[in-house]
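Given next are the chains, with one letter for each unit.
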Amino acid sequence: MLQKQQVRGSSNGSCLSPRYSPGSLKVCWRRFKFGLGFFCTCWMFYILYLMLTTHPCLHSTRCFAALVMGTDTSVFSSSSLSSSPGPTQMPKTDKISSDATPSNTTLHNIVFGIASSARKWKQRKQYVDLWWKPDVMRGFVWLDQEMAEPQSASLPQLKVSEDTSRFRYTFKKGLRSAIRISRIVSETFRLNLSDVHWFIMGDDDTVFFPENLLQVLSKYDHSQYYYIGTNSESVEQNVLHSYSMAFGGGGFAISYPLAKALAKMQDSCLDRYSYLYGSDARIHACLADLGVPLTKEPGFHQAFGHLFEAVKADSSRILQQTICYDRLRQGSLSVSWGYSVHVFDSLQFPRELESPQQTFMHWRKTMTDQFMFNTRNVSRNPCLRPAVLFLDSVSTGSKGITTTYTRQTGASCQLGKSALQALQQIRVLSPNSQLNWKQSPRRHCCDVLPSSVNNGLEIVMRSCLDGEVIYPQ
């Protein structure tokens, strides 16, 4: 039994053994053929790999297809092959000068494109006059036709938009002016102005705070593709159009390289999106074709003219909310700096006071009451409503900025006013220092002081202490 096992084992022994049988020779030959075939196959693939990775046709889809099919590849020159990008290469973003950094942008580097018409400009120019600074700012008002009135030196230069009759517009009951307005950024770019970092688009009734706008844009690298703005305050409008679209009523910003790319492709893009309604949607669609999303900045919104008395004193603080409490009279105060002060005859938590009372409505009555932010209903009982005092005057001194707010006439409580409901004047003292928008956001704190004026109150604003908690005690 042992001898049979040894013979059987010797027949499958090593091919290098000096004692082998004819059966073991056949086994060795089969192993050799298999190993040689595997080696030759690997070698063939390796040579093919070297040929393909060094062949110029690898960088051209058409040339590579011709190489695989065995057709003539001599028609593809080496220069054309080297200049064409490979299938996996990403296009490079256009950049401006190498010294372009987010920190060196000034108002001179921002160019405004303002949409208007010859019929509306006479009435709307008063809004632009509120914020325009002709000595340091550049921009143009784009009209649909020439105007007879002379150019004002204190306002942006008037321009007439190009003819857009060649573009299709298929939205029923819409306005073709949307095509003209959507091309304002591209037409402004083609003016070839020097030293431009940003193009700002807005309507003729959009009110900008230039210094605040500069603070916002300074956070971004203008040498990259950026589309900055915010969507509508209305849920219905965002659902109807897009949550990722900047609405032109509040204005939006486009960086110089992105404006350059937009100007190259926008005309063909407009025909693709002939079915859209407005200019905002067309710009959004074209930028989506370029693969650039909206960078949302909630600071892009519309404002009112009378705010600019406070804007001139401290634009960084305008409309910023501060909450404090009159613990002696058990009341809550919400200051919207430069605009109004709401005085509540009760102690309310900051979470409640952060939501504005809905003293406004949609621009179209058929819309729902859904907004992109929380609101509180206004009580029909005048005794439960807060006393509202509006900005009356602004003064600047060595101790800071004093804004004075006075009571407006309106429905009042007939059951007898409390001390807070009887307030007629509130003075707010704020520091001269500008708010730094690059710091993490936090409301300022404030202290309520007795006033020397009858039916008056004084509030001192200050930076909150480390870990300070704001709540009614």
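Here is what the cut-offs are and how they apply
Residues numbered from 1 in each chain as written. Predicted model: local features only at pLDDT ≥ 70, side-chain atom pairs only at ≥ 80, totals over all residues. Heavy atoms only, no water. Pairing = 2+ DSSP bridges. Helix = DSSP H or I, 4+ residues; strand = E, 2+ residues; numbered from the N terminus. Axes fitted to C-alpha atoms, helices over the stretch in contact; angles between N-to-C directions. Buried < 20%, exposed > 50% of the residue type's maximum accessible area, 1.4 Å probe, protein only. Disulfide = S-S within 2.5 Å. pLDDT = per-residue confidence, 0-100. Parallel < 35°, antiparallel > 145°, perpendicular 65-115°, else oblique. Left-handed = near helix turned anticlockwise from the far one by under 90°. Contact = heavy atoms within 4.5 Å. Nonpolar A, V, L, I, M, F, W, Y, C, P; charged D, E, K, R; others polar. Salt bridge = Lys/Arg side-chain N within 4 Å of Asp/Glu carboxyl O.

With that out of the way, let us pick up the sheet that holds strand S9 (residues 331-336). Pairing is mixed in the open sheet, where eight strands are placed in the order S8-S9-S10-S11-S12-S13-S15-S14. Edge strands, defined here as strands with exactly one partner in the open sheet, are strand S8 (321-326) and strand S14 (445-449). Strand-to-strand, the axes of this sheet are offset by a mean angle of 25°, without reference to chain direction. Pairing analysis gives five bridges linking S9 to strand S10 (residues 340-344), with the strands arranged antiparallel. Bridge pairing links serine 336 to serine 340 in S10.

The alternating pattern of strand S13 (residues 425-430) places Ile426, Val428 and Ser430 on a buried face, while none of Gln425, Arg427 and Leu429, on the opposite face, is buried. Looking at chain direction, strand S12 (residues 400-407) and S13 are connected through six bridges and run antiparallel. By the bridge assignment for S13, threonine 402 is matched with leucine 429. For S13 and strand S15 (residues 456-462), the ladder comprises five bridges, and the chain directions are parallel. Across the sheet, the residue bridging to glutamine 425 is glycine 456, located in S15.

Our next topic: the state of the cysteines. Enumeration over the complete set of coordinates arrives at three disulfides. Between the sulfur atoms of cysteine 269 and its disulfide partner cysteine 286 the distance amounts to 2.0 Å. Across the disulfide from cysteine 269 to cysteine 286, rotation about the S-S bond amounts to roughly -105°, and the bridge is consequently left-handed. Of this pair, cysteine 269 sits in helix H10 (residues 256-272) while cysteine 286 is found in helix H11 (residues 279-289), placing the two residues 17 residues apart along the sequence. On the basis of relative accessible area, cysteine 269 is assigned to the buried category, the value being 0%.

So, about the confidence of the model for the chain. Predicted confidence across the chain gives a mean pLDDT of 77, with 67% of residues reaching 70 or more. Across the chain, element-level confidence peaks in strand S2 (residues 138-143) with a mean pLDDT of 97 and bottoms out in helix H1 (residues 2-11) with 42.

Where H10 contacts H11, the two axes come as close as 9 Å, and the packing angle between them is 110°. In terms of their interaxial angle, H10 and H11 are classed as roughly perpendicular. Between H10 and H11 lies a crossing whose hand is right-handed. Contacts from Leu258, Leu262, Met265, Gln266, Cys269, Leu270 and Arg272 of H10 reach H11 at Arg282, Ile283, Ala285, Cys286, Leu287 and Asp289. Residue composition of the contact of H10 with H11, by class: nine nonpolar, one polar and three charged.

As a further point, take the pattern of salt bridges. Pairing of side chains with opposite charge becomes possible as their charged atoms draw close. Summed over the entire model, instances satisfying the criterion amount to 15 salt bridges. Lysine 219 is paired through a salt bridge with glutamate 297; the nearest N and O atoms lie 2.8 Å apart. Remark: glutamate 297 occurs in the loop between strand S7 (295-296) and helix H12 (308-313) and lysine 219 occurs in the loop between helix H8 (210-217) and strand S5 (227-229); sequence separation between them is 78 residues. When salt bridges with common partners are traced through the structure, they connect Glu162, Arg166, Arg183, Glu187 and Asp267 into a single cluster.

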